[in-house]
Amino acid sequence: MASYHIPSLAALLFSFCVISQLPELVFCKTRHYTFNIVSQNVTRLCHTKSIISVNGQFPGPRIVAREDDQLLIKVVNHVSNNVTIHWHGIRQLRSGWADGPAYVTQCPIQTGQSYTYNFTITGQRGTLFWHAHISWLRSTLYGPLIILPRRNESYPFKKPYKEIPIIFGEWWNADPEAVINQSLQTGAGPNVSDAYTINGLPGPLYNCSSKDTFRLKVNPGKTYMLRLINAALNDELFFSIANHTVTVVEADAVYVKPFKTKTILITPGQTTNILLKTKPYLHNTTFLMLARPYLTGLGTFDNSTTAAILQYPNHHPHHPLSIPALPPLNSTAFATNFSRKFRSLANTKFPCNVPTKVTNKFFFTIGLGSNPCPNNTTCQGPNGTKFAASINNISFVLPNTALLQSHYSGKSGGVYTEDFPVVPMNPFNYTGTGMNNTMVSNGTRVVVLGYNASVELVLQDTSLLGAESHPLHLHGFNFFVVGEGFGNYDEKKDSGSFNLVDPVERNTVGVPPGGWVALRFFADNPGAWFMHCHFDVHTSWGLRMAWIVLDGSLPNQKLPPPPSDLPQC
């Protein structure tokens, strides 16, 4: 195999820009990174396999920047798979060409090709992450994206002693690409992962894994900020540290009103910053940090637990274990109470700019369904069909070219249609029982929004093939979670209780099983923006759609032309 020069993080190239903004100087940097997509042998659970990696690292390298910095990240593809990278949670204001989802904002980077993602971080600071956004490659292609406040600006809480990313993932002994390809071919649910991981390590509760354990080394009497990231493919996770209470201070790179908790729930695609105050004195105890799934669906799942160790200086392997108590696997009660604790700071420095008047209302059902089995084949989905998933009963089909390029060039014919329904085409008792018709329709249909439209979107889970929590992620925007509840959404009854004062601002939200969630946002970012379930299995089955936001009238409200190195299909 050919060898490639892998630049280290320490060897980052920096160029500087100073912008004069009276009465103060604002310093920003242009930060250059190179991501070489290469194969790398990795061993977990006594199983060695070749994975697709960035720069030979698993998890991938940490991106660090400050608010207002420009990032230039050159991705060079040295493997046989097509690749794209998504900078999850970055607003990408007028830089939609850099967002990354395959066939939405770009064609994939093919073998031997490269593409430089060029974007500026505007109005954001906190923890996000990057990951592949094509098929299931993000099972190994992911890493932290940390945005520090501007220089001379502080956190809205006391500066922690240290900051540590904690990134959750899943490990397959098999090739995840083979897993999802088999599922799509047979119509059955995919095989589940073999382990969960913390910073790439499964931990001591799995066979042949005691040496592959992450250890968070701490000193007594100090405050640490843990930057939690759920990069798992298909599982929401509970997380707790034995005999320690933490304070939640941020969600999806937006500060929140601090609250204390012993347990965190985090969906795929979400990030949560927590403050951990260590014990004031040494303990002759080994404190475990555990993560295991929150289960709401009817399908098979990886019912295992990943563990790491909170290690004080006097740690000894023979110290007694302290094990945290996690909620039951199906504890929707905990999930609901936890999610409702999140509130925006809503102060002068960090205002809550939730739309109070709405110009465009949407009501989307989300859930599972089925497609007919092709002739002369046998399928292993529900009643001999193929599993599918949909929004408003439309299972989204990715086109063969990028939506954004088609939109920008005015050549959408044969690529997509602009007739995505604003409400379900055939209303029914969404959370009731006895629905026999689970068939979905298939198409590449989008919603078109005028620039700066104020949007209200209600996402309604359905009980078709089982009610289930769905972590919905919207590209290109943050949204405000103004309401949530169980059963069928009733606008007359439920909209009156919307929180328009301090709703949490996020980019990924868990839709309650058998319930609904109401979101609001301003469509202030021209481009083509993906919205999908962050369970990759559901995305693969079609639980996805796209919004096209038109240009505004002013020059700074228009999408610039595509970069010269934009990959071609």
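Cut-offs and rules
- Residues numbered from 1 in each chain as written.
- Predicted model: local features only at pLDDT ≥ 70, side-chain atom pairs only at ≥ 80, totals over all residues.
- Heavy atoms only, no water.
- Helix = DSSP H or I, 4+ residues; strand = E, 2+ residues; numbered from the N terminus.
- Rg over C-alpha atoms; globule rule 2.2 N^0.38 Å.
- Buried < 20%, exposed > 50% of the residue type's maximum accessible area, 1.4 Å probe, protein only.
- Contact = heavy atoms within 4.5 Å.
- Areas by Shrake-Rupley, 256 points an atom, 1.4 Å probe, with all protein chains shown as cover.
- Lys, Arg positive; Asp, Glu negative; His and termini not counted.
- Charge placed at Lys NZ, Arg CZ, Asp CG, Glu CD.
- Polar contact = N/O pair within 3.5 Å; in protein donor to acceptor, adjacent residues only side chain to side chain.
- Phe/Tyr/Trp six-rings, centres within 6.5 Å; stacked < 30°, edge-to-face > 60°.
- Lys NZ or Arg CZ within 6 Å of the ring centre and 35° of its normal.
- Pairing = 2+ DSSP bridges.
- Axes fitted to C-alpha atoms, helices over the stretch in contact; angles between N-to-C directions.
- Core = buried A, V, L, I, M, F, W, Y, C linked by side-chain atoms within 4.5 Å.

Draft legend 1. Local environment of the overall build of the protein. For the protein, the helix and strand inventory stands at 5 helices and 34 strands. Here the protein has a C-alpha radius of gyration of 23 Å; the compact-globule value for 569 residues is 25 Å, and the two agree. Over its C-alpha atoms, taken along the principal directions, the protein stretches across nearly 65 × 60 × 60 Å. Of all 569 residues assigned to the protein, the portion counted as buried reaches 59%. Long-range pairs, those at least 24 residues apart, make up 79% of the contacts in the protein with a sequence separation of at least 6. When the accessible surface of the protein is totalled, it reaches about 22700 Å², and 51% of it is carbon and sulfur. Computed over 42 positive and 32 negative side-chain charges, the inter-centroid distance for the protein is 9 Å.

Draft legend 2. Highlighting helix H1 (residues 176–186). Along H1, the residues classified as buried are Pro 176, Glu 177, Val 179, Ile 180, Ser 183 and Thr 186. For H1, the secondary structure elements touched by its buried residues are strand S3 (47–54) and helix H5 (536–541). For H1, the capping residue at the N-terminal end is Asp 175, with a side-chain oxygen 3.0 Å from the backbone nitrogen of Glu 177. Positive phi shows up at Gly 187, right after H1, with a value of about 85 degrees.

Draft legend 3. Local environment of the packing of aromatic side chains. Evaluation of the coordinates by the stated rule reveals 35 aromatic pairs. Between Trp 87 and Phe 119, the ring centres sit 5.7 Å apart and the planes meet at 40 degrees, which makes this aromatic pair tilted. Highlighted residues: Trp 87 in strand S6 (residues 85–88) and Phe 119 in strand S7 (residues 114–120), separated in sequence by 32 residues. One exposure class covers both Trp 87 and Phe 119, and it is buried. Members of the aromatic cluster, connected to one another through ring pairs, are Phe 362, Phe 364, Phe 420, Phe 477, Phe 521, Trp 529 and Trp 547. The cationic tip of Lys 49 hangs over the ring face of Trp 171; the distance from NZ or CZ to the ring centre is 4.7 Å. A cation over an aromatic ring shows up here: Lys 222 above the ring of Tyr 161, its NZ or CZ 4.7 Å from the ring centre.

Draft legend 4. Structural view of the environment of Pro 144. In this fold, Pro 144 is placed in strand S9 (residues 142–148). You can call Pro 144 buried: its relative accessible area is 7%. Taking the C-alpha atoms as reference points, Pro 144 and Val 249, 105 residues apart in sequence, are found 18 Å from one another. Residues contacting Pro 144, with those up to four places away along its chain left out, are Gly 60, Pro 61, Arg 62, Ile 63, Leu 128, Phe 129, Trp 130, Pro 165, Ile 167 and Ile 229.

Draft legend 5. View of the sheet that holds strand S4 (residues 63–66). Taken in spatial order, the 4 strands make up an open sheet running S4-S9-S8-S6, and their pairing is mixed. With partners counted over all chains shown, the strands left at the sheet margins are S4 and S6, one partner each. Across the sheet, the axes of successive neighbouring strands diverge by a mean angle of 20 degrees, strand direction being ignored. With 4 bridges joining them, S4 and S9 adopt parallel strand pairing. Across the sheet, Ile 63 pairs through a bridge with Leu 145, a residue of S9.

Draft legend 6. Local environment of the nonpolar core. Core analysis: the biggest nonpolar cluster contains 140 residues, and Trp 87, Leu 226, Phe 364, Leu 459, Met 531 and Trp 547 have the highest contact counts within it. Of all hydrophobic cores here, the second largest spans 11 residues; its members include Tyr 430, Val 458, Phe 498 and Ala 518.

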